[in-house]
Amino acid sequence: MLAVMAATASATGAKGDVLLVPGRVWTAEGDAAHAGWAVLVHDGAIAAVGPANTIHAPAGTQRIALPGTTLTPGLIDLHSHVFLHPYNETLWNDQVLKEPQDYRTLEAAAHARATLMAGFTTLRDLGTEGAGFADVSVKRAIDEGMIPGPRLFIATRAIVATASYGPGPRGFRPDIDLPGGAQEVSGVDEAIRATREQAGHGADWIKLYADYRVGTDGSTQPTLSLAEMKAIVETAHLSGRPVAAHASSDEGVHLAVEAGVDSIEHGYGASEATFRQMKQRGVAYEPTLTAVEATAQYFEHYVPGQSEPTARMREAERAFRTALKLGVTIGNGSDVGVFTHGDNWREPANMVRDGMSAPQALHAATDVAARILRQHDKFGRIAPGLRADLAAFTGDPSTHIEDLKQAAFVMKDGTVYRTPQNTP
């Protein structure tokens, strides 16, 4: 019987030569897994991959057998919030208003560990949601080996139009100075200043909110102007930083794409014409299907496998199928934090549910995601010379995507964090 043991970063000692022998290897350089293949890791990098009998391991190489598993590149989630936890535990407002930043930072460390142990070796974390620049410290602690966690690409505070995000101000006394879930700006000068501040504090990506629920009836409407968004994009791009845009309405997505953003998050209300515009301009799309499903469970009595999809779930599915049909670049981005960290596998599963093949969803979570991050020459595939970010799953997710739920082995940068062991 195969059991899973979560190990610390020091469990296997210093990096050296490791030969991984799984049941199959899925390299992301095709759609099918290869039975009988093995992967040789040397000093944190992939040294060789191919049929096991063709790989010549040096004397003293550690051999790790992973029978019954499929080895894949370490998975990537392009839309996470490690400073949030599920809203059925604590509502978003209460997390931002009542949980101290020190406590939320400790939570983030625990969430990072859970994510890594689930086989996700890279996250793009799109905003601390009221926890300031604490993601800079979490990233540093991971990079320095103080805590286990995935590679983090961070966005720090994110940028919103004044009084358009939360908590409040609607519904609160006007004389209360509320903490904000993101950095507020009005006008081009403030937009430029906020972008420079976040970049200066360590943001890898800049995130802006192109729209939000600001209509008189609570409907989603554009917030930042086109001029403000263009100022953010131009400032970010000057420093080599890409821009991600939260946008749910058709007009919000259209304006963000016109402004030159690099990725659209959510996009539920986008029209076919707007998705065509994204395709033409090479803008990536993260559909965050699982966030919609999770909030339907919490607030609309949706029960997976029993209930009919809610109206919001159908809207998200329509957008996803439209983007897929048109050939828009789709990356795996789940909005985890809305749901439980470590359950990131649900997003690829939901992408398959809504029209992707299993290999397409795996690509979205590996090599496609790495290209969106501008990191495809470093990780995202199993190929010689790339960093040894690897995960093995019981079964074969290239044919049954829900096998991603069963992580048996995790390696990041050549260090083993999770291994299987035989039990009675």
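Keep in mind it's a predicted model, so treat the numbers as computed, not measured.

Bringing the overall build of the protein into the picture now. Helices and strands together make up the secondary structure of the protein, namely 12 helices and 20 strands. In terms of C-alpha radius of gyration, the protein reaches 21 Å, essentially the compact-globule figure of 22 Å for 424 residues. The dimensions of the protein, computed from C-alpha atoms along their principal axes, are 70 × 45 × 40 Å. By residue count, 55% of the 424 residues in the protein fall in the buried class. Total accessible area on the protein stands at roughly 16,900 Å², and carbon and sulfur atoms take up 50% of it. Side-chain charges in the protein split into 37 positive and 49 negative, and the spacing between the mean points of these groups amounts to 3 Å.

In this structure the tally under the stated criterion is seven aromatic pairs. Ring centres of Trp 92 and Tyr 165 lie 5.4 Å apart, and the angle between their planes is 65°; on these two criteria the pair is classed as edge-to-face. Taken together, the residues span a long stretch of sequence, with Trp 92 in helix H1 (residues 92-98) and Tyr 165 in the loop between strand E10 (159-161) and strand E11 (183-185) at a distance of 73 residues. The class for Trp 92 is buried, based on a relative accessible area of 14%. Where Tyr 209 meets Tyr 212, the ring centres are 6.1 Å apart and the plane angle is 75°; that geometry is what we call edge-to-face. Residues Tyr 209 and Tyr 212 agree in their burial class; the two are buried. We note Arg 124 situated over the ring of Trp 205; from NZ or CZ to the ring centre the distance is 4.5 Å. Sitting over the face of the ring of Phe 339, Arg 346 holds its NZ or CZ atom 5.0 Å from the ring centroid.

Let us now look at the layout of surface pockets. Here the largest pocket is characterised by a volume of approximately 1,200 Å³. Lining the largest pocket are 38 residues, and of these Tyr 87, Tyr 165, Tyr 212, Arg 213 and His 246 lie nearest its centre. Per element, the largest residue contribution to the lining of the largest pocket is four residues, and it comes from helix H8 (residues 289-299). Among the residues forming the lining of the largest pocket, the class breakdown is 17 nonpolar, 14 polar and seven charged. In this model, the second largest pocket occupies a volume close to 210 Å³. Classifying every residue of the lining of the second largest pocket by side-chain character gives 10 nonpolar, four polar and two charged.

Attention now goes to the pattern of salt bridges. Close approach of charged atoms allows side chains of opposite charge to pair. On inspection of all chains with the given rule, the structure shows 21 salt bridges. Note that Glu 293 is salt-bridged to Arg 353, the shortest N-O span being 3.1 Å. Residue Glu 293 is located in helix H8, and its partner Arg 353 is located in helix H10 (residues 346-353); the two are separated by 60 residues in the primary sequence. For Glu 293, a relative accessible area of 6% corresponds to the buried category. The network of salt bridges with shared partners includes Arg 151, Arg 387, Asp 389 and Asp 413.

So, on to the nonpolar core. Counting 76 residues, the largest nonpolar core has Leu 208, Val 261, Ile 264, Phe 275, Met 278 and Tyr 285 as its most contacted members. Of the residues forming this core, the biggest block, six residues, is contributed by helix H9 (residues 311-326). Once residues within four sequence positions are removed from consideration, Ile 264 is found in contact with Ala 245, Ala 247, Val 253, Ala 256, Val 257, Met 278, Val 283, Ala 284, Tyr 285 and Glu 286. Leu 20, Val 39, Leu 390 and Val 416 belong to the second largest nonpolar core, which has 18 residues in total.

About the criteria used
Residues numbered from 1 in each chain as written. Predicted model: local features only at pLDDT ≥ 70, side-chain atom pairs only at ≥ 80, totals over all residues. Heavy atoms only, no water. Helix = DSSP H or I, 4+ residues; strand = E, 2+ residues; numbered from the N terminus. Rg over C-alpha atoms; globule rule 2.2 N^0.38 Å. Buried < 20%, exposed > 50% of the residue type's maximum accessible area, 1.4 Å probe, protein only. Areas by Shrake-Rupley, 256 points an atom, 1.4 Å probe, with all protein chains shown as cover. Lys, Arg positive; Asp, Glu negative; His and termini not counted. Charge placed at Lys NZ, Arg CZ, Asp CG, Glu CD. Phe/Tyr/Trp six-rings, centres within 6.5 Å; stacked < 30°, edge-to-face > 60°. Lys NZ or Arg CZ within 6 Å of the ring centre and 35° of its normal. 1 Å grid on protein atoms, 1.4 Å probe; cavity = no way out; pocket = protein on both sides within 12 Å on 5 of 7 lines; lining within 4 Å. Points joined across faces, edges and corners; volume = space filled by probe spheres on them. Nonpolar A, V, L, I, M, F, W, Y, C, P; charged D, E, K, R; others polar. Salt bridge = Lys/Arg side-chain N within 4 Å of Asp/Glu carboxyl O. Core = buried A, V, L, I, M, F, W, Y, C linked by side-chain atoms within 4.5 Å. Contact = heavy atoms within 4.5 Å.

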